[in-house]
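Breakdown of the fold
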Amino acid sequence: MELSKLLLILIAILSNIHTLRSSELLVHEYYKEKCPLAEEIVRHNMEVAIFKDPRLAASLLRLHFHDCFVMGCDASVLLDSVEGMTSEKQAGPNLNSLRGFEVIDKIKYLLEEECPLTVSCADILAMAARDAVELRGGLRWEVWLGRKDSLESSFSGANLFIPAPNSSLETLINNFKQQGLDVEDLVVLSGSHTIGRARCVSFRQRIYETKPEYHYGYDYDHYKRYTTFRRILGSICPVKGRDNKFAPLDFQTPKRFDNHYFINILEGKGLLGSDNVLISQDMDGKIREQVWSYASNEQLFFASFAKSMIKMGNINVLTGDAGEIRRNCRFVNT
């Protein structure tokens, strides 16, 4: 076996052990005595923010993902650049892409007024992600709380560990393994693409460089369904230019958190290349079975999504004496 594969396996094993240990340190209702109104404050401000701008639901859910995949769920993604440290916000997957920071800032300000130095920015991200899903029609789950905030960010980690929109299935599986997440987690968490939008630069390759007949066979489009969809995408995103033009990740129900994402990818209508490879590069059919189960049973998808979100939210968390509770989510305490 190649050394690189052995290293990936070792990382996955260590990540799983750390995740299990971390989950034991986080608890439900962590702020029940410390800050009784914490979850209510987060929820109310999420309601206001998403009412004003429904797209923020996907943005705040994505913030939690991008935080957890770099050093763990420690709010490192929220730190601004300072001398000697480049923010993760400047990394390729995040630059001019992540948004919703002002919502977190406001929630943190109100929580500091209510309970100074008590609620971490990392916990705010976890609660905000949960509320974002529920407010767009998804399932509510109990978030494990008690995280601390990191003292640093990792610009290099953000460039290395956050999955690219044109990733192969093998790359996605290995990327998730590094975080202690398995193939089932990969598939169900990809369902977060049922809400939100992507820029042309993120899906241009999926339109012009992918050869669908290679993946689906030369009679793959007998009824011209995929060809029509590619033409729609091409009208939005030409071969050159309009890099910042947006398209919804789910053309059918773009503002609702539902199971339509899985119906889309079964039809070859995922917006991103990394969506479609779940089907086109699934050689043994196991992923296709999981996708079919979610496409036909929305409640199963909701329950599975909540389970995997809790698992992801426990990745390499800081607790006890590790880290700190930041006063301002953009800067470490001085």
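Above this note sits the structure.
In this report, the structure presented in the accompanying data block is examined.

The next thing to look at is the state of the cysteines. One pass over the structure, following the stated rule, counts 4 disulfides. For Cys 35, the disulfide goes to Cys 115, at an S-S distance of 2.1 Å. The disulfide joining Cys 35 to Cys 115 has a torsion of about 80° about its S-S bond and is therefore right-handed. Of this pair, Cys 35 sits in the loop between helix 1 (3-25) and helix 2 (38-52) while Cys 115 sits in the loop between helix 4 (101-114) and helix 5 (121-135), placing them 80 residues apart in sequence. Here Cys 35 matches Cys 115 in class, with each residue buried. Sulfur-sulfur distance for the disulfide between Cys 200 and Cys 237 comes to 1.8 Å. Judged by the sign of its S-S torsion, about 60°, the bond between Cys 200 and Cys 237 is right-handed. A residue pair is termed long-range when its members are at least 10 positions apart, and Cys 200 in helix 9 (residues 200-208) and Cys 237 in the loop between helix 11 (225-236) and strand 2 (246-248) qualify at 37 residues. Assessed through its relative accessible area of 0%, Cys 200 is described here as buried. For Cys 237, a relative accessible area of 0% puts it in the buried group. Ordering the disulfide-forming cysteines of the protein by sequence position, one finds them joined as 1-4, 2-3, 5-8, 6-7.

Let's shift gears to helix 7 (residues 169-178). Listed in full, the buried residues belonging to helix 7 are Leu 169, Leu 172, Asn 175, Phe 176 and Gln 178. Positive phi shows up at Gly 180, right after helix 7, with a value of about 80°.

If you check helix 3 (residues 56-68), its first and last C-alpha atoms are 18 Å apart, about what 13 residues at 1.5 Å a residue would give, namely 18 Å. With 12 of 13 residues buried, helix 3 is to be regarded as a mostly interior element. Close packing links the buried residues of helix 3 with helix 2, helix 4, helix 5, helix 8 (183-190) and helix 15 (298-312).

Turning next to the layout of surface pockets. Taken as a whole, the largest pocket encloses approximately 1,100 Å³ of empty space. Around the largest pocket, the lining is made up of 41 residues, and of these Arg 62, His 66, Ser 97, His 193 and Leu 272 lie nearest the centre. The set of elements that each furnish at least two residues to the lining of the largest pocket consists of helix 3, helix 7, helix 8, strand 1 (197-199), helix 9 and helix 13 (273-280). Sorting elements by how many residues they give to the lining of the largest pocket places helix 3 first, with 6 residues. When its residues are assigned to classes, the lining of the largest pocket shows 20 nonpolar, 14 polar and 7 charged.

Counting residues in hydrophobic clusters, the biggest one holds 73 residues, and the most contacted among them are Leu 78 and Phe 305. Per element, the largest residue contribution to this core is 10 residues, and it comes from helix 5. The residues contacting Leu 78, other than those within four sequence positions of it, are Leu 63, Lys 89, Phe 101, Ile 104, Cys 121, Leu 125, Arg 326, Cys 329 and Arg 330. Membership of the second largest hydrophobic core comes to 12 residues, among which are Cys 237, Ala 247, Leu 249 and Leu 271.

Okay, the environment of Leu 169 next. For Leu 169, the location among the structural elements is in helix 7. Leu 169 sits 106 residues away from Asp 275 along the chain, and the two C-alpha atoms are 9.1 Å apart. Setting aside anything within four residues of it in sequence, one finds Leu 169 in contact with Leu 186, Val 277, Leu 278, Gln 281, Asp 282 and Ile 287.

Here we come to the pattern of salt bridges. Opposite charge on two side chains allows them to pair when their charged atoms are near. Within the structure shown, the criterion is met by 18 salt bridges. Asp 53 is the salt-bridge partner of Arg 99, the closest N and O atoms lying 2.7 Å from each other. On the criterion of sequence distance, the pair formed by Arg 99 in the loop between helix 3 and helix 4 and Asp 53 in the loop between helix 2 and helix 3 is long-range, its members being 46 residues apart. For Asp 53, a relative accessible area of 18% gives the class buried. Ionic pairing is found between Asp 123 and Arg 147, a salt bridge with its closest N-O pair at 2.7 Å. Here Asp 123, found in helix 5, pairs with Arg 147, found in the loop between helix 5 and helix 6 (155-161); they are 24 residues apart in sequence, far enough to count as distant. In this structure Asp 123 comes out as buried when scored by relative accessible area, which is 0%. Through salt bridges with shared partners, a single ionic network connects Glu 39, Arg 43, Glu 47, Arg 130, Asp 131, Glu 134 and Arg 140.

Rules behind the numbers
- Residues numbered from 1 in each chain as written.
- Predicted model: local features only at pLDDT ≥ 70, side-chain atom pairs only at ≥ 80, totals over all residues.
- Heavy atoms only, no water.
- Disulfide = S-S within 2.5 Å.
- Helix = DSSP H or I, 4+ residues; strand = E, 2+ residues; numbered from the N terminus.
- Buried < 20%, exposed > 50% of the residue type's maximum accessible area, 1.4 Å probe, protein only.
- Expected span 1.5 Å × (residues − 1).
- Contact = heavy atoms within 4.5 Å.
- 1 Å grid on protein atoms, 1.4 Å probe; cavity = no way out; pocket = protein on both sides within 12 Å on 5 of 7 lines; lining within 4 Å.
- Points joined across faces, edges and corners; volume = space filled by probe spheres on them.
- Nonpolar A, V, L, I, M, F, W, Y, C, P; charged D, E, K, R; others polar.
- Core = buried A, V, L, I, M, F, W, Y, C linked by side-chain atoms within 4.5 Å.
- Salt bridge = Lys/Arg side-chain N within 4 Å of Asp/Glu carboxyl O.

Scope: geometric values only; no functional claims are made or implied.
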